Amino acid sequence: MSGDIMVNITRAADLLEVGANGGGWAAPLGTSSPGDPAVQPLAPWTPLGAISEDGLTQGFDEDSQSFTPWGFTSPIRTTITSSLRTFGLTVWETGRVIVQSLQYRVDATDLTPTAGLTSFAETASPEPDRRAFWFVVLDGDNFQRGFYVPEGEITERSDVAHKQDEIAGFEWTITAYPDASGNTVYHFDRVPETAAYTGS
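Thresholds applied
- Residues numbered from 1 in each chain as written.
- Predicted model: local features only at pLDDT ≥ 70, side-chain atom pairs only at ≥ 80, totals over all residues.
- Heavy atoms only, no water.
- Buried < 20%, exposed > 50% of the residue type's maximum accessible area, 1.4 Å probe, protein only.
- Helix = DSSP H or I, 4+ residues; strand = E, 2+ residues; numbered from the N terminus.
- Contact = heavy atoms within 4.5 Å.
- Pairing = 2+ DSSP bridges.
- Patch = residues over 30% accessible without salt bridge, like charges linked within 9 Å, V, L, I, M, F, W, Y side chains within 5 Å.
- Areas by Shrake-Rupley, 256 points an atom, 1.4 Å probe, with all protein chains shown as cover.
- Salt bridge = Lys/Arg side-chain N within 4 Å of Asp/Glu carboxyl O.
- Lys, Arg positive; Asp, Glu negative; His and termini not counted.
- Charge placed at Lys NZ, Arg CZ, Asp CG, Glu CD.

Draft legend 1. Summary view of helix H1 (residues 97-104). Across the eight residues that make up H1, a large majority, six, are buried. Burial in H1 covers these residues: Ile98, Val99, Gln100, Ser101, Leu102 and Gln103. Looking at the buried side of H1, the elements it contacts are strand S1 (21-27), strand S2 (46-47), strand S4 (77-91), strand S5 (131-139), strand S6 (143-157) and strand S7 (170-176). Directly beyond the C-terminal end of H1, a positive phi value near 55 degrees is found at Arg105.

Set out below in structure tokens:
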């Protein structure tokens, strides 16, 4: 009908994120968070170098159990039985010491070259290799996200192709484990403020 009042849909372009750039760092377990995606991480944080154009994937994997009482067709309660946080990325600088250290679960000091030659062996019985991780996602100066993983470990490694028409890369899935406070991931965001809703 003419004269009807239309509903205004609220939208804000500056609250959208396009992960145009970003980086990752690793540090020994127990290293505190840089705390701000606008601040350059310092030692012992070590950069992972170039990351593929696929960027960073923030993974959510949860399972739940629903409880439906006799005589009902809908549950009256749902309990989360598993809640997993992961980060996925492909690092391209496979010659970087920290990258090799993470890929092969060896200490960085074991990768010190002798007469230009680096040598190490891969164990048939790998032990846990937890590190601290810091990831930053940037959308210009408008949108900056930081993810601090105090206890992370590479739990999946994809095959590595060595061929003429492709960059060799290490594709990782990093699982975040709970720290002493029971937290897996800490978020540090610099984003525009959400305008107060006025009903228009």
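Further notes follow.
Draft legend 2. Just the pairing of S6, in detail. For S6, the buried fraction is high: 11 of the 15 residues fall into the buried class. Relative to S6, S5 runs antiparallel, the two being bridged by eight bridges. Considered in S6, the bridge of Asp139 is made with Phe143. Adjacent in sequence and paired antiparallel, S5 and S6 are bridged by three residues, among which Gly140 carries a positive phi angle near 65 degrees. Direction of pairing for S6 relative to strand S8 (residues 186-190): antiparallel, over a ladder of five bridges. Counted as the bridge partner of Tyr148 is Tyr186 from S8.

Draft legend 3. A negative patch on the surface, seen in detail. Where like charges cluster on the molecular surface, the negative patch consists of Glu53, Asp54, Glu156 and Glu171. By the secondary structure assignment, Asp54 is in the loop between S2 and strand S3 (57-67).

Draft legend 4. View of the environment of Leu84. For Leu84, the location among the structural elements is in strand S4. Taking the C-alpha atoms as reference points, Leu84 and Ile51, 33 residues apart in sequence, are found 23 Å from one another.

Draft legend 5. Quick look at unusual backbone geometry. Cis geometry is found at the peptide bond from Ala43 to Pro44, where omega equals 15 degrees. Assignment of secondary structure puts Pro44 in the loop between S1 and S2. You will see that Arg105, though not glycine, has its phi angle at about 55 degrees, which is positive. By secondary structure assignment, the location of Arg105 is in the loop between H1 and S5. Even without glycine at this site, Ala115 takes up a positive phi of about 55 degrees. Summarising the element assignment, Ala115 is placed in the loop between H1 and S5. According to the relative accessible area criterion, Ala115 is exposed, its value standing at 85%.

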